[in-house]
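Reading the structure
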Amino acid sequence: GEKATFEVTATGTNVTYQWKIDRNDGKGFVDIAGANGASYTTGATDADCNGFKYQCVISNAAGSVTTDTVVLTVKEKYTITATAEEHGSISPNGAVEVVEGSKQTFVITAEEGYEIESLTVDGKSVDVVTSYTFENVTAAHTIAVTFKQQYKIIDGADSSWNQSTDGSGSLSIRGNGAFSKFVNVKVDGTIIDPTNYEVTEGSTIITLKPEFLKTLSEGSHTFEIAWTDGTAKTSFTVAKNTSGS
């Protein structure tokens, strides 16, 4: 859609100019009607104009000379459509035009208290990052990002349970998510049965029962609370039984 301008410089008396074009149609160079100045500007270009050749014949009473040939390269523009759901942004946003062969970077920012939940490129999930670059663009693309509440463990993070001293006791871990949005609990990446814990309000308190804790191996275990719009993770340790019982 852009126009291209070519210019020549010549010295002499009563110099005239005639621009010519070779459209790669087998007809060779032909005069461009009305192109009789020291510069020539094309019309709006499209992909069909790629490879067109131009030259200018410069004349006066002493004779004429023909300039070197120049070749017009036309690159297409492709649209990358960038969208972000609420609680964050992507920049640039909307329909972004990118010249063929160039690159385009998008920066993703979550609002305070939120984090990136998912990032999709051309409809497929990719690793969550705060900056994504399309390299050597040769087609249209889409990029979309969603955000989720950023939850955290506010009590009981990295705690320890000892079967010899806590054998009849439980282990409580509290997350700052709303009790009304609670979904489940994972230990070592697996959702555990609700009979293995109690869940109470304030914000969300998970109390692992001793009967369940006794089934776990000695060492560190991952722990995760899930709400409808986010998760919070920590770990806890099952300590060695030192009582000899």
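Presented here is a report on the structure given in the accompanying data block. (Residues numbered from 1 in each chain as written. Predicted model: local features only at pLDDT ≥ 70, side-chain atom pairs only at ≥ 80, totals over all residues. Heavy atoms only, no water.)

Inspection of the secondary structure assignment puts Thr234 in strand S24 (residues 230-239). Within the local environment of Thr234, its side chain forms a polar contact with the backbone nitrogen of Asp158, the two atoms lying 3.1 Å apart. Excluding anything up to four places from it in sequence, Thr234 contacts Ile153, Ala157, Asp158, Ile173, His221, Thr222 and Phe223. (Helix = DSSP H or I, 4+ residues; strand = E, 2+ residues; numbered from the N terminus. Polar contact = N/O pair within 3.5 Å; in protein donor to acceptor, adjacent residues only side chain to side chain. Contact = heavy atoms within 4.5 Å.)

So, on to the sheet that holds strand S10 (residues 94-99). The five strands lie next to each other as S10-S8-S15-S12-S13, forming an open sheet whose pairing is mixed. On the outer flanks of this sheet lie S10 and strand S13 (124-126), each paired with one strand and no other. Across the sheet, the mean angle from the axis of one strand to that of its neighbour is 30°, orientation sign disregarded. (Pairing = 2+ DSSP bridges. Axes fitted to C-alpha atoms, helices over the stretch in contact; angles between N-to-C directions.)

Along the chain, Gln55 falls in strand S5 (residues 53-60). For the pair Gln55 and Asp68, spaced 13 residues apart in sequence, the C-alpha separation works out to 6.3 Å. Contacts of Gln55, omitting those with residues within four sequence positions, involve Gln18, Trp19, Lys20, Phe29, Thr66, Thr67, Asp68 and Thr69. A polar contact of 3.1 Å, which involves the side chain of Gln55, links it to the side chain of Thr69.

This model, assessed by the stated rule, comprises nine aromatic pairs. Judged by centre distance (5.1 Å) and plane angle (70°), the ring pair of Tyr132 and Phe134 falls under edge-to-face. Look at Tyr132 and you get partly exposed, because its relative accessible area is 22%. On the numbers, 6.5 Å between centres and 75° between planes, the contact of Phe223 with Phe236 is edge-to-face. Taken as a pair, Phe223 in strand S23 (residues 219-227) and Phe236 in strand S24 lie far apart in primary sequence, 13 residues in all. Considered together, Phe223 and Phe236 belong to a single accessibility category, that of buried residues. (Phe/Tyr/Trp six-rings, centres within 6.5 Å; stacked < 30°, edge-to-face > 60°. Buried < 20%, exposed > 50% of the residue type's maximum accessible area, 1.4 Å probe, protein only.)

Right, let's talk about the nonpolar core for a bit. Counting 21 residues, the largest nonpolar core has Ile206, Leu208, Phe223 and Phe236 as its most contacted members. Looking at this core, the elements with two or more residues in it are strand S18 (171-175), strand S19 (182-187), strand S22 (204-208), helix H2 (210-213), S23 and S24. Here Phe223 is in contact with Ile173, Val185, Lys186, Val187, Ile206, Leu208, Ala232, Lys233, Thr234, Ser235 and Phe236, once residues within four sequence places are set aside. (Core = buried A, V, L, I, M, F, W, Y, C linked by side-chain atoms within 4.5 Å.)

This brings us to unusual backbone geometry. In this model, Ser91 is joined to Pro92 through a cis peptide bond whose omega is -5°. Note that Pro92 resides in the loop between strand S9 (88-91) and S10. One non-glycine residue, Asn24, adopts positive backbone phi at about 60°. Positionally, Asn24 belongs in the loop between strand S2 (16-22) and strand S3 (30-31).

Another aspect to go through is the sheet that holds S22. In spatial order, the strands read S16-S18-S22-S21; together these four strands make up an open sheet with antiparallel pairing. Edge positions in the open sheet fall to strand S16 (153-155) and strand S21 (197-201), since each of these has one partner strand only. When strand polarity is set aside, the average angle formed by the axes of neighbouring strands in this sheet is 30°. Both S21 and S22 contribute to a ladder of five bridges, which runs antiparallel.

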